[in-house]
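Architecture and fold: a report
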Amino acid sequence: MSTVQALQNALLKARNSGQKVGFVPTMGALHDGHLSLVARARAACDVVVVSIFVNPTQFNNPQDLETYPRQVETDVALLAPTGVDFVFTPTIAEMYTPDEVVEDTDYGVLTHSLEGAFRPGHFNGVVAIVRKLFQAVQPNRAFFGEKDFQQLAILQELGRREFPALEVIGCPIIREPEGLAMSSRNALLSDQERQVALAISRTLFAAAARAAHDPPGAVRDWAWAQLTSAQGVDPEYVELVSRSTLEPTKQWKDADPAILLTAAQVGPVRLIDNCQVPSAAELRAIGEHWHPAEAQIG
Ligand code: AMP
């Protein structure tokens, strides 16, 4: 269905009978990463809504918006066996008034660091559309991938501020067998570029493993050096930050574990990826056999 009114009518019965509504917002070109969120929602909720909407206001690069993969019919077919109840596919006119100006979102470091610094306006567009979608769907739980870790942190903050009854749930990154984080934009990579892109996840995993014996600055600098010297990879940033505040990690702290995030251009595509760096306490809990690649590929 493609209108807010039709969706709300369809959800009325479920809501009135106290059923829990789970929501998975996507931009389509679905892959196993998206389907993992749908599976989590299916397991945790009575009714599951998936939206497919390529949100123009979050694209700071017009070329990226133009080339973004679109395949709604294939997506609907991929969703059929997952037990999704409703697929919401609004038009731009359904979500935005003509000439609507998206307001700025200022959550401090959460919105202004990392992707916020390199993609001006991007998170304004993300927050604008997710707020509208939350208002339309009125879910009890919403599911987002840790692949977009900063986005998840921002949407958890949006939930705390504006939708206090909503649970915003993060789900682990799903990767290709060789480690590349699944992404709709991967479809735009040639076979050779896909091979080149493997340097990103390999570097993050290897850097995270170095945290066991190196200080944060050395880990970050090592990862940056690896990525800048990888042929065909053009990194924008590599940063080690707190998983909760996104403030730079200056020293390892059990109570404030870190995450290593990067964005890098490979061929025509800007890729992002991240790897949580186990704290000493987490390493003790998981045991000495932990290895980031094993922990994250699967
Ligand atoms: P997108 O369609 O790229 O806007 O993504 C929709 C949702 O799927 C977001 O919450 C993403 O974080 C999540 N997602 C995208 N790729 C992955 C992945 N490889 N693993 C887990 N979640 C993902």
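Preceding block: the structure.
Scope of this entry: the structure provided in the associated data block.

Conventions used here
Residue numbering note: each chain is counted from 1, following its sequence as written. Confidence filtering applies because this is a predicted model: local features only for residues at pLDDT of at least 70, side-chain atom pairs given and counted only at 80 or more, and all residues used for totals across whole chains, interfaces and linings. Hydrogens and water molecules were not included; the side-chain quantities draw on all heavy atoms of the structure. Per the convention used, a helix needs a DSSP run of H or I reaching at least four residues, while a strand needs a run of E reaching at least two, with both numbered from the N terminus. With the radius of gyration taken over C-alpha atoms, the globule rule is written as 2.2 Å times the number of residues to the power 0.38. Any residue under 20% of the maximum accessible area for its type is buried, any over 50% is exposed, and the rest in between are partly exposed; the area is computed with a 1.4 Å probe on protein chains only. Every residue pair with non-hydrogen atoms within 4.5 Å of one another is taken to be in contact. Here the Shrake-Rupley method, with its probe set to 1.4 Å, supplies the accessible areas, and only the displayed protein chains count as covering residues. Near, as used in this document, describes a residue that has one of its heavy atoms within 4 Å of the molecule or strand being considered. Here a polar contact means two N or O atoms within 3.5 Å. Within protein one must be a hydrogen donor candidate and the other an acceptor candidate, and residues neighboring in sequence count only if both atoms are side-chain atoms. The criterion for an aromatic pair is that two Phe, Tyr or Trp rings (for Trp, the six-membered ring) have centres within 6.5 Å, with stacked assigned to planes under 30 degrees apart, edge-to-face to planes over 60 apart and tilted to the rest. The pairing criterion for strands is at least two bridges between them, as found by DSSP. A helix is expected to reach a length of 1.5 Å times the quantity of its residues less one. Lines fitted to the C-alpha atoms define the axes, with helices restricted to the stretch that makes contact. Angles between their N-to-C directions range from 0 to 180 degrees.

Secondary structure summary: the protein contains 13 helices and 8 strands in total. Taken over the C-alpha trace, the protein has a radius of gyration of 19 Å; the compact-globule value for 298 residues is 19 Å, and the two agree within 12%. For the protein, the spread of C-alpha atoms along the principal axes amounts to about 55 × 40 × 40 Å. Among the 298 residues that make up the protein, the fraction classed as buried is 51%. Look at the contacts in the protein between residues 6 or more apart in sequence, and 72% of them connect residues 24 or more apart. Accessible surface for the protein amounts to roughly 13,900 Å². Of this, 51% is attributable to carbon and sulfur atoms.

This part is about the environment of Val-102. Locating Val-102 in the fold gives a position in the loop between helix 5 (92-95) and helix 6 (109-112). Between the alpha carbons of Val-102 and Gly-125 there is a distance of 6.6 Å; along the sequence they are 23 residues apart. When sequence neighbours within four positions are dropped, the list of residues in contact with Val-102 reads Thr-57, Tyr-96, Asn-124, Gly-125 and Ala-128.

Take the site of the ligand next. The ligand sits among 16 residues. The nearest are Met-27, His-34, Asp-148, Ile-174 and Met-182. Within the side chain of His-34, a nitrogen or oxygen atom sits 2.8 Å from an oxygen atom of the ligand. The contact in question runs from a nitrogen atom of the ligand to an N or O atom on the backbone of Met-182, over 2.8 Å. Isolated, the ligand exposes 480 Å² of accessible area, and the fraction of that covered by the protein chains is 93%.

Turning to the packing of aromatic side chains, a few remarks are in order. If you walk through the whole model with that rule in mind, you get 5 aromatic pairs. Seen in terms of ring centroids, Phe-23 and Phe-134 are 6.4 Å apart; in terms of plane orientation they differ by 70 degrees. Their pairing is edge-to-face. Separated by 111 residues along the polypeptide, Phe-23 in strand 1 (residues 21-26) and Phe-134 in helix 8 (residues 122-137) bring together distant segments of the chain. Judged by relative accessible area, which is 0%, Phe-23 ranks as buried. Geometrically, the ring pair formed by Phe-118 and Tyr-237 is tilted, given 5.3 Å between the ring centres and 35 degrees between the ring planes.

In this section: the pairing of strand 6 (residues 233-242). Regular strands show a simple pattern: their side chains alternate between the two faces of the sheet. Among the 10 residues in strand 6, 7 count as buried, and that is most of the element. Relative to strand 7 (residues 258-266), strand 6 runs antiparallel, the two being bridged by 9 bridges. By the bridge assignment, Val-233 is partnered in strand 7 with Val-266.

With 13 residues, helix 2 (residues 32-44) should cover 18 Å at 1.5 Å per step; its first-to-last C-alpha distance of 18 Å lies within 8% of that length. Where helix 2 is buried, its residues meet strand 1, strand 2 (47-52), helix 4 (72-79), strand 4 (141-145) and strand 5 (167-171).

This paragraph deals with the pairing of strand 5. Relative to strand 5, strand 4 runs parallel, the two sharing 5 bridges. Counterpart to Phe-144 in the pairing with strand 5 is Gly-170.

Given 3.6 residues per helical turn, the α-helix brings residues three or four places apart onto the same face. If you check helix 9 (residues 149-162), its first and last C-alpha atoms are 20 Å apart, about what 14 residues at 1.5 Å a residue would give, namely 20 Å. Taken across its 14 residues, helix 9 has 10 buried, putting it largely inside the fold. Turning to helix 9, its buried residues are Phe-149, Gln-150, Gln-151, Leu-152, Ala-153, Ile-154, Leu-155, Glu-157, Leu-158 and Gly-159.

This part covers the side chain of His-31. Secondary-structure assignment places His-31 in the loop between strand 1 and helix 2. On the basis of relative accessibility, which here comes to 18%, the residue His-31 falls in the buried class. A distance of 2.9 Å separates the side chain of His-31 from the backbone nitrogen of Gly-33, its partner in a polar contact. Setting aside residues no more than four positions away along its own chain, His-31 makes contact with Met-182, Ser-183 and Ser-184.

A few words now on the side chain of His-122. For His-122, the position within the fold is in helix 8. Within the structure, the side chain of His-122 is placed 2.8 Å from the backbone oxygen of Gln-58, a separation counted as a polar contact.

Attention now moves to the sheet that holds strand 7. A sheet is described by the order of its strands in space; here 3 strands give the open sequence 6-7-8, paired in antiparallel fashion. Looking along the sheet, the strands with just one partner apiece sit at the ends: strand 6 and strand 8 (269-277). Across this sheet, the average inter-strand angle for adjacent strands is 15 degrees, counted without regard to direction. Both strand 7 and strand 8 contribute to a ladder of 9 bridges, which runs antiparallel.

So, about the sheet that holds strand 3 (residues 86-88). In space, the 5 strands of this open sheet follow the order 3-2-1-4-5, with parallel pairing throughout. Both outer strands of the open sheet, strand 3 and strand 5, are each paired with one neighbouring strand and no more. Strand after strand, the sheet turns through a mean of 25 degrees between neighbouring axes, direction not considered. By the bridge criterion, 3 bridges tie strand 2 to strand 3 in an arrangement that is parallel. By the bridge assignment, Ser-51 is partnered in strand 3 with Phe-88. The strands touched by helix 1 (residues 4-16) are strand 1, strand 2 and strand 3; relative to strand 3, the strand with the most contacts, the crossing angle is about 155 degrees.

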